[in-house]
Amino acid sequence: MNCVDEVKNEARIKAGNLEPWGNYFELRGMEMENLLSFINLKDCGKLLEIGCGNGFNSCVLSKFADSVIATDLYGQDSKSHSVGMGTAKELTARLAIRNCELVSCSGEDLPFKAGMFDMVFSMYTLEHVPNREKMIADVKRVLKKGGLFIVIVPNFMERVAYYPVIFYADFLSAMWHRLFTRSSGRISKKDTMTIVSGDDNLGIFERMKKNRPHFPLPEPHGAYKNYFDEVYNYLPSRWKRLLLESGLEEVDIFSFMVLPRNLISLVFRRFGLDIYKRLSWIERRVGGNPVIKNFGQNICFILRKA
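Residues numbered from 1 in each chain as written. Predicted model: local features only at pLDDT ≥ 70, side-chain atom pairs only at ≥ 80, totals over all residues. Heavy atoms only, no water.

S.K.: Please explain the layout of surface pockets as it appears in this structure.
M.R.: Considering only enclosed or pocket space, the second largest pocket measures out at about 190 Å³ in volume. Pro130, Arg132, Glu133, Tyr224, Asn233, Arg238, Trp239, Arg241, Leu242 and Glu245 are the residues that line the second largest pocket. Elements that contribute at least two residues to the lining of the second largest pocket include exactly helix 5 (132-142) and helix 9 (236-244). Looking at the lining of the second largest pocket, the element that brings in the most residues is helix 9, giving four residues. Classifying every residue of the lining of the second largest pocket by side-chain character gives four nonpolar, one polar and five charged. (1 Å grid on protein atoms, 1.4 Å probe; cavity = no way out; pocket = protein on both sides within 12 Å on 5 of 7 lines; lining within 4 Å. Points joined across faces, edges and corners; volume = space filled by probe spheres on them. Helix = DSSP H or I, 4+ residues; strand = E, 2+ residues; numbered from the N terminus. Nonpolar A, V, L, I, M, F, W, Y, C, P; charged D, E, K, R; others polar.)

Below you can see the structure in the form of structure tokens.
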């Protein structure tokens, strides 16, 4: 059993109630396994994670580093999708992770000395930071000379080909529950969480507009003005330009999620995860292809401080 499997299985047993959604540890574990098939994290020294979320990735990274400092915003923040540091504190405690320190801070203002880290890791965080240039510059500052910045960001394909399907499927499901489930006297959990939920004094479309002001366009997931602004800035060329303008040097670029995982789950429901697991070898086989990597759901940049 590898390190990722050990953390994943222990987390499911000891901290299953900390999963933000079903099979979270399983899916994040698969992502980390795919990532590690492209890079070698052995003996990576002192490591900083920006945007640690519930701390699962930090627990995995702690197996490869001398020490890990995991950062995120202190409290819950729906705009930045931060879950707060309380969950990460609980998870690292339950898994008895001894070499991971938690620090509350913004990625735009890292409270660390220059040249402090051998590696900085960030997964699905940069898109939520309003001043992305400032965060990248601060990452460069805290890296040692020759240190690596591993940053995983969503790719435009996720926004164009997959997210709208999920968004409108959720909308139609919400409408169905609101119009028929509620009218029959049954109120489901899903009904309270969807885009038409809210104040019963408001009509369905008023609630929808209040909860999703960009409708009928999908809501931007990151810190962007609108859906089209987000799609444009998710282009691989835009990410690459943003990162290289900092003066960091390109080491490698690849995608470790080229399959439409969300659509597989939507279509096959409870069988979706098993189907994706059986096909996940494809991610590792083709994610580094010069063409295919530009059309994955995510894209990973490995950069070095000269």
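S.K.: Would you take a moment to explain helix 4 (residues 85-94) for this structure?
M.R.: An α-helical segment advances 3.6 residues per turn. Residues three or four places apart therefore align on the same side. Those residues of helix 4 lying buried are Met85, Ala88, Leu91 and Thr92. An end-on view of helix 4 places all buried positions within 125° of arc, on one side of the element. Within helix 4, the exposed residues directed more than 90 degrees away from the buried face are Gly86, Lys89 and Ala93. In the core, the buried residues of helix 4 are packed alongside helix 1 (3-15), helix 2 (24-36), helix 3 (56-61), strand 2 (67-72), strand 4 (82-83) and strand 5 (100-104). Looking one or two residues past helix 4, Ala96 carries a phi angle of roughly 55°, positive in sign. (Buried < 20%, exposed > 50% of the residue type's maximum accessible area, 1.4 Å probe, protein only. Arc of directions from axis to C-beta. Contact = heavy atoms within 4.5 Å.)

S.K.: How do you make sense of the nonpolar core when you look at a structure like this?
M.R.: Within the largest apolar cluster, 46 residues are counted, with the highest numbers of intra-cluster contacts made by Leu35, Leu91, Phe121, Ile150 and Ile152. Sort the elements by how many residues they give to this core and helix 2 lands first, with six residues. Contacts of Leu91, omitting those with residues within four sequence positions, involve Ala11, Ala15, Leu18, Phe25, Asn54, Gly55, Phe56 and Cys59. (Core = buried A, V, L, I, M, F, W, Y, C linked by side-chain atoms within 4.5 Å.)

S.K.: What is the right way to look at a nonpolar patch on the surface in this model?
M.R.: A cluster of nonpolar side chains, contributed by Val267, Phe268 and Phe271, occupies part of the molecular surface with about 310 Å² of accessible area. Looking at where Val267 falls in the secondary structure, it is placed in helix 10 (residues 261-268). (Patch = residues over 30% accessible without salt bridge, like charges linked within 9 Å, V, L, I, M, F, W, Y side chains within 5 Å. Areas by Shrake-Rupley, 256 points an atom, 1.4 Å probe, with all protein chains shown as cover. Salt bridge = Lys/Arg side-chain N within 4 Å of Asp/Glu carboxyl O.)

S.K.: How should I be thinking about the packing of helix 5 against helix 9 in this particular structure?
M.R.: In a packed pair of helices, the relevant descriptors are the angle between the two axes and the axis-to-axis distance. Close contact between helix 5 and helix 9 brings their axes to 9 Å; oriented N to C, the two are set at 50°. Regarding the angle of helix 5 to helix 9, the classification is oblique. In contact with Arg132, Glu133 and Ile136 of helix 5, helix 9 contributes Trp239, Leu242 and Leu243. (Axes fitted to C-alpha atoms, helices over the stretch in contact; angles between N-to-C directions. Parallel < 35°, antiparallel > 145°, perpendicular 65-115°, else oblique.)

S.K.: When you look at the side chain of Lys293 in this model, what are you seeing that I'm missing?
M.R.: With respect to the element layout, Lys293 can be found in the loop between helix 12 (281-286) and strand 9 (298-304). It turns out Lys293 is buried and unbridged, and the closest side chain with the opposite charge, Asp252, is 5.6 Å from it. (Lys, Arg positive; Asp, Glu negative; His and termini not counted.)

S.K.: Got a minute to help me understand the packing of aromatic side chains in this structure?
M.R.: Any pair of aromatic rings gets described here by the distance separating the centres and the angle formed by the planes. Inspection of the entire model under this criterion finds 13 aromatic pairs. Ring geometry for Phe167 against Phe215: centres 6.2 Å apart, planes inclined by 35°, an arrangement best described as tilted. One end of the pair, Phe167, is in helix 6 (residues 156-181); the other, Phe215, is in the loop between helix 7 (204-211) and helix 8 (227-233), with 48 residues separating them in the sequence. Assessed through its relative accessible area of 5%, Phe167 is described here as buried. Relative to Trp239, the ring of Tyr234 lies with its centre 5.8 Å away and its plane at 25°, an arrangement referred to as stacked. A network of ring pairs unites the aromatic residues Trp21, Tyr24, Phe25 and Phe56 as a single cluster. We note Arg159 situated over the ring of Tyr163; from NZ or CZ to the ring centre the distance is 3.7 Å. Over the ring of Tyr276 we find Arg261; its NZ or CZ atom is 6.0 Å from the centre of that ring. (Phe/Tyr/Trp six-rings, centres within 6.5 Å; stacked < 30°, edge-to-face > 60°. Lys NZ or Arg CZ within 6 Å of the ring centre and 35° of its normal.)

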